[in-house]
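# Chain and residue survey
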Amino acid sequence: MPKVKVDGVEIEVPQGATVLQACELAGKEIPRFCYHERLSIAGNCRMCLVEVKPGPPKPQASCALPAAEGQEIRTDSEMVKKAREGVMEFLLINHPLDCPICDQGGECDLQDQSVAYGRGTSRYHEHKRAVTEKYMGPLIKTVMTRCIQCTRCVRFSEEIAGVDEIGALYRGENMQISTYLEKAATHELSANVIDLCPVGALTSRPYAFEARPWELKKTLSIDVSDAVGSNIRVDARGREVLRILPRINDDVNEEWLSDKGRYMVDGLAKRRLDRPFIRLDGKLKAVSWDEALAAVAKIAPGSSVAAVAGDLVDVETMFAAKQLLAGLGSSLLEGRQTGLAYTATNLAAVNFNSTFAGIESADAILIVGSHIRWEAAVLNARLRKAVKRGAKVFAIGPVWDATYPVEFLGEDAAVLNQLPAHVWSALQGATRPALILGGAALAKGALEAALGVSDQLGLVRTLEDGSGWNGFNVLHMAASRMGGLMLGYAQAGGIADLAAAKPKMLLSLGADEVDYTKFADSMIVYVGHHGDKGAHAADVILPASAFTEKAGIYVNTEGRVQFAEKAVFAPGDAREDWAILRALAEVLGVNVGFDSFDELRAALFAQVPAFAQEGLVDYGALPAGVTGSASGQITYPIKDFYLTNPIARSSDTLARCSAELLHGEKLAEAAE
Amino acid sequence: MADRHLYPDTPELRARWGAFAWTVENAEKAKVIVARYPEGRQRSAVMPLLDLAQRQVGAETQTQGWLPIPVMEYVAAYLDMPIIRVIEVATFYTMYNLVPVGKFHVQVCGTTPCMLRGSDDLIAACKKRKMPTGGVSEDGLWTFTEVECMGNCASAPMVQINDDNYEDLTAERLDAVLDALARGESPKTGTQEPGRHTVEPAGALSNLTAMVSENHDYRGEW
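Predicted model, so just to flag it, every value in this text is computed and none were measured.

### Focus on the packing of aromatic side chains
Residue and element names in this part refer to chain B. One pass over the full model with this rule turns up 17 aromatic pairs over all chains. Ring centres of W17 and F20 lie 6.5 Å apart, and the angle between their planes is 55°; this geometry places the pair in the tilted category. Residue classification places W17 among the buried positions, given a relative accessible area of 4%. For F20, a relative accessible area of 7% puts it in the buried group. One aromatic cluster is present, formed by W17, F20, W22, Y74 and Y78 through successive ring pairs.

Right under this line is the structure:
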């Protein structure tokens, strides 16, 4: 642990820290452009210059200099001030003065740092360099003249995303950042380069010229596009959500967000159900709330009622529906819309037990039936890190491009019953072996077989350092799944049990993936926010709120309870889900035990105390002695990464991504 | 250098170069080159392989050679590396030609020592012969590029034509070299100064005279 002096104050820094990190530990701000905590060190912007003794009598780039015993670092000397001013002046030589028309304005590192560390004036009178436009796809808008060549985007796509598609062409002043032949960036985390870009060279194309950052109301929320539960910030102006950005949470999404979570924003304003509808003579007719509720009352289902939860709903909505059904005398609850029927009595067996942060340290990973890049894009970046640290990865299922070496063992789930010898020995020889079970495998009855494998391999173990390791993981795809399972949204036979019960009324909570033809005899009451598949099948539509329009609790696939806040109000006559369910209870003459959102939460916490505490839920031990065998050709449930939920399906941006990036359509630049 | 750019990726280019593959000898050479690097570091061979590819293109087109996009893709596939990394290398180094060049790529050094010794005359001589910058002359023979220092300052001014240097030039001497090349001859490379062999002092020795006959120790005199 070297001791260094920063501006005269002696501090101890961790072994291997850089001078920049030492300065930060001492509370000194070091300006930087190219340095980023999660990327490799490039040292090419020179903004982080400090004075270091002993060493050459000139300023040194602190980001690339290891902190060593006895160093005297100065960040406040005249030399450092002059160095920063000089670097700033050079950087601004070729940077256009187009801040007033630049989308980065107000959240631009270059802008901020030139105010803080620049000279204030320019002595440059020559022509500025100009760079031709580079096309990077439907999500990333480029103005490459603004580029200061920090290469963060190049390093991100190579190191984190694992797709070498952005590069620095030519040299010196003529260096240009470009994708190969200006093809669109195609991986699922591509838009993160927009956040990484310290200037306005890479900005968000759909958000171009929409708003200034200071006009936006920022609300902390949780992404519902997959079961990762990425932490996000919802930026809204008035009643409109304009953009979604990732928040830093090292345990969940680090600071990345999948393109789907980021760009389904425009879907929030399209195809919305903003007033109640009832079906008359086969056609949906817009009605008032009173008429719609009266129509539900007329169904008078008694106890012949079932509820199915969609992928995007929060815990409170599911709880309110559960209370409503309990009041009516039914417990037919299900959330696995597509017919999965795995055993969900022990939630530890259907949880991502290693945690996302933990899976990085796994040294042998067996993926069974999961296209992780599409099912949890952020998790794939974690697996990539594990592979970089030397983990071996095997997979059962059709081949997909993982961005890291994966040995595919076959497409039939039965491979799990009799793993090849070398795979078995690799997992057995590993210190932290892990198994990841995807939805496609759960559909082939692989849960029991995997638990058997887990037992034999001892995936749950105590490591040499005394800490526990649980390598048994199930990766879900729906934001509502773990919360739903905790509330009992699981029948032994899955949704088939609901269909078999032939309920008089089916309460659909934004369930858009259900095969409603199985419920032809039921009156379908759809409580949801988008006019998608569920609404098409519905007999009564009660317009509800999307995830940005209500406060809610989400439990991600790790069993991590996270709270989201309400960013905007729902459009038109739409109401918050819990209030709709409370009103239904009223007209159906049932007592659900709450009259306000606070009372609902209190009742929820009383019933399942785990929801009250943010963070990982303890589901106890894995069931022991389970055996089973899996069989059947594995087919991944996600056919189109960009169009997996009703909000995404309503989004023009994601429709364009799907057409252009997945289906290879050449789209002409949209008339803007 | 500022006007360097990739040749457009057109269907015609794909049709012409899409089937590029090593010739038998070059396939052997490529194997030897790749074998120079340790296991797992084969990508390090990208620079010599790009050069080899450029020479093969040159042999096929009777020019110095250049790197069409399909050829770079072939090299990337050969080394199993992302194409963008290959393009980065090829666009960085000026020795890789990104657009077609003539049979003789005349690179005139215009840096200070050569300029002081008359490189402006050489450039004018080239212009007089209608050598286009960054293109090929009508007869397909010439491409002109002004380059930075080539490290022949002791025998400035100089030009590099394909793999050979011609030094101690004047406009007339350059004309003679170019004429000889155009006739298909191989003019003497290196210095064009009569009586000079390489880059030894052009006149009498002006310093280190005591070193001529014996190994003299100057240290005591400093």
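Let us keep going from here.
### Things to note about the UniProt feature "domain: 4Fe-4S Mo/W bis-MGD-type" (unreviewed entry) in chain A
The feature "domain: 4Fe-4S Mo/W bis-MGD-type" (unreviewed entry), as annotated in UniProt, sits at residues 216-272 of chain A in this numbering. Split by type, residues 216-272 of chain A is 9% helix and 35% strand. Its first and last C-alpha atoms lie 22 Å apart.

### Quick look at the sheet that holds strand β10 (residues 217-222) of chain A
Residue and element names in this part refer to chain A. Taking strand neighbours across the sheet as the criterion, the 3 strands line up as β10-β11-β12 in an open arrangement whose pairing is antiparallel. For this open sheet the edge positions go to β10 and β12 (240-246), each flanked by a neighbour on one side alone. In this sheet, neighbouring strand axes are inclined to one another by 30° on average, regardless of whether the strands run parallel or antiparallel. As paired elements, strand β11 (residues 231-237) and β12 share 6 bridges and run antiparallel to each other. Its bridge partner lying in β12, R233 is registered against L245.

### Observations concerning the interface of chain A and chain B
Counting residues at the interface gives 15 residues for chain A and 20 residues for chain B. For the pairing of chain A and chain B, the buried interface totals around 1,400 Å² over both sides, and the portion due to carbon and sulfur atoms is 62%. Considering only the surface of chain A that becomes buried against chain B, Y170, R171 and Y180 of chain A emerge as the three largest contributors, covering 51% of it. We note a salt bridge from R85 of chain B to E158 of chain A, for which the minimum N-O separation is 3.2 Å. Where chain A touches chain B, the interface holds 8 residue pairs in polar contact (both at pLDDT 80 or more). Secondary-structure elements contributing two or more residues to the side of chain A that touches chain B are α4 (152-160), β7 (166-169) and β8 (176-179) of chain A. Per-element accounting of the side of chain A that touches chain B gives the leading share, 4 residues, to β7 of chain A.

### Describing the domain arrangement of chain B
Many descriptions give the size of an interface as the accessible area lost when the pieces come together. Domain boundaries assigned for chain B yield domain 1 (11-92) and domain 2 (104-191). In this structure, domain 1 of chain B and domain 2 of chain B have C-alpha centres spaced 28 Å apart.

### Side note on the side chain of E360 of chain A
Residues and elements named next belong to chain A. You can see E360 is positioned in the loop between α9 (356-359) and β17 (364-368). Judged by its relative accessible area of 8%, E360 is buried. Here the side chain of E360 touches R382 through a polar contact of 2.5 Å, side chain to side chain. Excluding anything up to four places from it in sequence, E360 contacts E254, R382, K385, A386 and R389.

### Some remarks on the domain arrangement of chain A
The domains assigned to chain A are domain 1 (3-93), domain 2 (100-215), domain 3 (277-339 + 479-616) and domain 4 (353-474). When each unit is reduced to the centre of its C-alpha atoms, the spacing between domain 1 of chain A and domain 4 of chain A is 41 Å.

### Looking at the environment of R272 of chain A
All names here are of chain A. If you trace the backbone, R272 turns up in the loop between α6 (259-263) and β13 (277-280). Taking relative accessible area as the criterion, R272 reaches 12% and is therefore assigned buried. Here the alpha-carbon distance between R272 and I647, two residues 375 residues apart in the chain, equals 9.1 Å. Not counting residues within four places of it along the chain, the set of residues in contact with R272 comprises H529, H530, A544, S545, A546, E549 and P571.

### Points about the sheet that holds strand β2 (residues 142-147) of chain B
The strands that make up a sheet are held in pairs by hydrogen bonds between backbone atoms, and each pair lies either parallel or antiparallel. Residues and elements named next belong to chain B. With mixed pairing, 5 strands are arranged side by side in an open sheet as β2-β1-β3-β4-β5. The open sheet has two free edges, formed respectively by β2 and β5 (190-191), since each of these has just one partner strand. With 6 bridges joining them, strand β1 (residues 104-109) and β2 adopt parallel strand pairing. Across the sheet, F104 pairs through a bridge with W142, a residue of β2. Strands in contact with helix α7 (residues 119-128) are β1, β2 and β3 (159-161); relative to β1, the strand with the most contacts, it is inclined by about 150°. The strands that helix α8 (residues 171-182) touches are β1, β2, β3 and β4 (164-167); relative to β3, the one it contacts most, it runs at about 5°.

### Regarding the UniProt feature "binding site: [2Fe-2S] cluster" (unreviewed entry) in chain B
Residues and elements named next belong to chain B. As annotated by UniProt and renumbered to match this structure, "binding site: [2Fe-2S] cluster" (unreviewed entry) occupies C109, C114, C149 and C153. For this annotated set, covering 45 residues, all C-alpha atoms fall within 9.6 Å of each other, a compact arrangement in space. Contact partners of C114, with chain neighbours within four places excluded, come to C109, S119, A156, P157 and M158. Among the secondary structure elements, C149 is positioned in the loop between β2 and β3.

### A look at helix α3 (residues 46-61) of chain B
Three or four residues apart is the spacing at which side chains of an α-helix point the same way, because the helix has 3.6 residues per turn. Residues and elements named next belong to chain B. Across its 16 residues, α3 extends 22 Å between first and last C-alpha, which sits within 8% of the 22 Å expected from 1.5 Å per residue. Contacts from the buried residues of α3 go to α1 (11-17), α2 (24-35), α4 (69-78) and α5 (83-92). After α3 finishes, the residue Q62 shows a positive phi value of roughly 60°.

### Some thoughts on the packing of helix α8 (residues 315-328) of chain A against helix α19 (residues 597-607) of chain A
Residues and elements named next belong to chain A. Look at α8 against α19: their axes get within 10 Å of each other, and the N-to-C directions meet at 80°. It follows from the interaxial angle that α8 and α19 lie roughly perpendicular. On α19, the residues that touch V315, E316, F319, A320, K322 and Q323 of α8 are F597, L600, R601, A603, L604 and Q607. The class makeup of the residues in the contact of α8 with α19 is 7 nonpolar, 2 polar and 3 charged.

### Here we look at the pattern of salt bridges
Residues and elements named next belong to chain A. Within this structure, the stated rule accounts for 57 salt bridges over all chains. Put simply, K385 and E254 hold a salt bridge, and the shortest N to O gap is 2.4 Å. Note that K385 is positioned in helix α11 (residues 377-388) and E254 in the loop between β12 and α6, a separation of 131 residues in sequence. A residue is classified by how much of its surface remains accessible, and K385, at 25% relative accessible area, is partly exposed. It is possible to trace a salt-bridge network through shared partners that takes in R38, D250, E254, E255, E360, R382, K385 and R389.

### Description of the packing of helix α12 (residues 421-429) of chain A against helix α14 (residues 446-457) of chain A
Residue and element names in this part refer to chain A. Packing of α12 against α14 brings their axes to within 10 Å, and their N-to-C directions diverge by 55°. Looking at the two axes, α12 sits oblique to α14. Of α14, the residues touching α12 (which contributes W424, L427 and Q428) are V453, Q456 and L457. Broken down by class, the residue content of the contact of α12 with α14 amounts to 4 nonpolar, 2 polar and no charged.

### A few points about the side chain of R560 of chain A
Residues and elements named next belong to chain A. Here R560 is to be found in strand β28 (residues 560-564). At 2.9 Å, the side chain of R560 and the side chain of E558 are in polar contact. Residues in contact with R560, not counting those within four places in the same chain, are D251, V252, Y554, V555, G615 and L616.

Parameters and conventions
- Throughout, a residue's number is its position along its own chain's written sequence, starting from 1.
- In the order they appear in the text, chains get letters beginning with A and ligands get numbers beginning with 1.
- Local features in a predicted model are, by the rule used here, given only for residues with pLDDT of at least 70; side-chain atom pairs are given and counted only at 80 or more, and totals for whole chains, interfaces and linings are based on all residues.
- In computing side-chain values, all of the structure's heavy atoms are included and hydrogens and water are not.
- Within 6.5 Å between ring centres, the rings of Phe, Tyr and Trp (the latter by its six-membered ring) count as paired, and their orientation is classed by plane angle as stacked under 30 degrees, edge-to-face over 60, tilted in between.
- Here's how the labels work: a residue is buried when its accessible area is under 20% of the maximum for its type, exposed when over 50%, partly exposed in between, all with a 1.4 Å probe on protein chains only.
- UniProt positions are given in the numbering used here, feature names are shortened, and annotations may be inferred rather than shown by experiment.
- Numbering goes from the N terminus for both helices and strands, where a helix is a DSSP run of H or I of at least four residues and a strand is a run of E of at least two.
- Only strands that DSSP links by at least two bridges are regarded as paired with each other.
- Comment: axis = line fitted to C-alpha atoms, over the contacting stretch for helices; angle = value between 0 and 180 degrees taken between N-to-C directions.
- Between two residues, a contact is recorded if the distance between any of their heavy atoms is within 4.5 Å.
- Buried area is a sum: the accessible area each of two parts loses on coming together, probed at 1.4 Å, counted once for each and added.
- Salt-bridge detection follows one rule: a side-chain nitrogen of Lys or Arg within 4 Å of a carboxyl oxygen of Asp or Glu.
- Whenever a nitrogen or oxygen atom comes within 3.5 Å of another N or O atom, the pair is scored as a polar contact, on the condition that within protein one atom can donate a hydrogen and the other can accept it, and that pairs from neighbouring residues in sequence are kept only if both atoms are in side chains.
- Residue ranges for the domains originate in an automatic or database domain assignment.
- What a helix should span is 1.5 Å times the count of its residues minus one.
- If an angle is under 35 degrees, it is roughly parallel; if it is over 145, roughly antiparallel; if it lies from 65 to 115, roughly perpendicular; otherwise it is oblique.
- Throughout this entry, Asp, Glu, Lys and Arg are counted as charged residues, while Ala, Val, Leu, Ile, Met, Phe, Trp, Tyr, Cys and Pro are counted as nonpolar. The remaining residues, Gly among them, count as polar.

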